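Analysis of the macromolecular model
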Amino acid sequence: MANNPPAVVMKAFTWAYEELGLSVHEAAQLMGVSENALRQTSFVGFESTSNESEMQIAFIRMYHLLYAMSDGDTAQMVSWFNRPNPHLGAIPKETCHNLAGINYISDYLQSEQKEKPVSPPSFMLPGQPRKAGKRLNYRR
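Below is a short write-up of the structure. (Residues numbered from 1 in each chain as written. Predicted model: local features only at pLDDT ≥ 70, side-chain atom pairs only at ≥ 80, totals over all residues. Heavy atoms only, no water.)

Here we come to the environment of Asn85. Structurally, Asn85 can be placed in the loop between α5 (74-82) and α6 (92-95). For Asn85, a relative accessible area of 8% puts it in the buried group. In this view, Asn85 contacts Trp80, Ala90, Pro92 and Tyr108; residues no more than four positions away in its chain are not counted. (Helix = DSSP H or I, 4+ residues; strand = E, 2+ residues; numbered from the N terminus. Buried < 20%, exposed > 50% of the residue type's maximum accessible area, 1.4 Å probe, protein only. Contact = heavy atoms within 4.5 Å.)

For helix α2 (residues 24-31), the full list of buried residues reads Ala27, Ala28, Leu30 and Met31. Looking straight down α2, one finds its buried side chains confined to an arc of 160°; they lie on one side. Gly32 occupies a position one or two residues after α2 and carries a positive phi of about 75°. (Arc of directions from axis to C-beta.)

Bringing the packing of helix α1 (residues 6-19) against helix α4 (residues 51-69) into the picture now. At a minimum axis separation of 9 Å, α1 and α4 run at an interaxial angle of 50°. The orientation of α1 relative to α4 falls into the category oblique. The element α1 and its partner α4 pack so that their crossing is left-handed. Between α1 and α4, the residues in contact are Val9, Met10, Ala12, Phe13, Trp15, Ala16, Tyr17 and Glu19 and Ser53, Gln56, Ile57, Phe59, Ile60 and Tyr63, respectively. Counted by class, the contact of α1 with α4 contains 11 nonpolar, two polar and one charged residues. (Axes fitted to C-alpha atoms, helices over the stretch in contact; angles between N-to-C directions. Parallel < 35°, antiparallel > 145°, perpendicular 65-115°, else oblique. Left-handed = near helix turned anticlockwise from the far one by under 90°. Nonpolar A, V, L, I, M, F, W, Y, C, P; charged D, E, K, R; others polar.)

Counted under the stated rule, the structure contains five aromatic pairs. Measuring from centroid to centroid gives 6.1 Å for Tyr63 and Tyr67, while their planes differ by 40°, and the two rings are tilted. In this pair, Tyr63 and Tyr67 both sit in helix α4, four residues apart, roughly one turn of the helix. The exposure class assigned to Tyr67 is partly exposed, which follows from its relative accessible area of 41%. One aromatic cluster in this structure is built from Phe13, Tyr17, Phe59 and Phe81. (Phe/Tyr/Trp six-rings, centres within 6.5 Å; stacked < 30°, edge-to-face > 60°.)

Along the chain, the position of Gly45 falls in the loop between α3 (35-40) and α4. Separated by 11 residues in sequence, Gly45 and Gln56 have C-alpha atoms that sit 9.8 Å apart. The contact partners of Gly45, leaving out residues within four places of it in the chain, are Pro6, Ala7 and Met10.

This part is about unusual backbone geometry. Even without being glycine, Asp71 reaches a positive phi, approximately 55°. Note on Asp71: relative accessible area 63%, which makes it exposed.

Right, let's talk about the nonpolar core for a bit. Counting residues in each nonpolar core, the largest one holds 31 residues, and the members touching the most others are Phe13, Leu38, Phe59, Met62 and Phe81. Breaking this core down by element, the ones donating at least two residues are α1, α2, α4, α5 and α7 (99-115). With eight residues, the top contributor of residues to this core is α4. Those residues in contact with Phe81, other than ones at most four positions away along the chain, are Leu20, Leu22, Phe59, Met62, Leu66, Ile91, Pro92, Lys93 and Cys96. (Core = buried A, V, L, I, M, F, W, Y, C linked by side-chain atoms within 4.5 Å.)

A few words now on the side chain of Gln56. Mapped onto the fold, Gln56 is located in helix α4. What Gln56 contacts, discounting residues up to four positions off in sequence, is Val9, Met10, Phe13, Met31 and Phe46.

Put into structure tokens, the structure is as follows:
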């Protein structure tokens, strides 16, 4: 993410916080900037070496982990983000008020994802032997 232009990071951050139901005011508080500063940088983003950019990248990472855990179900993501979590001992939304909090949530989500069983693919990979009697039909 560090190589992405600041405007791209800002757009991804905006998408993430809006999907999780945060207002501009809440996103600004999370970033430690004023609403005005967040609005003024909405098209250009923060400098890539700034603390604000680091916060945005961490939040985007957390969002992607939550997205993966919920299979992209926005309602499930918003519900999880806003309700008390006994494993975390907190409400995730309230924990994301600084970089350490965002990273704490991300670490938890990553550990949960490792425990989630991976279902086998429903397609045959090239080079694998086919079972007798199975034919693949290709339409052209």
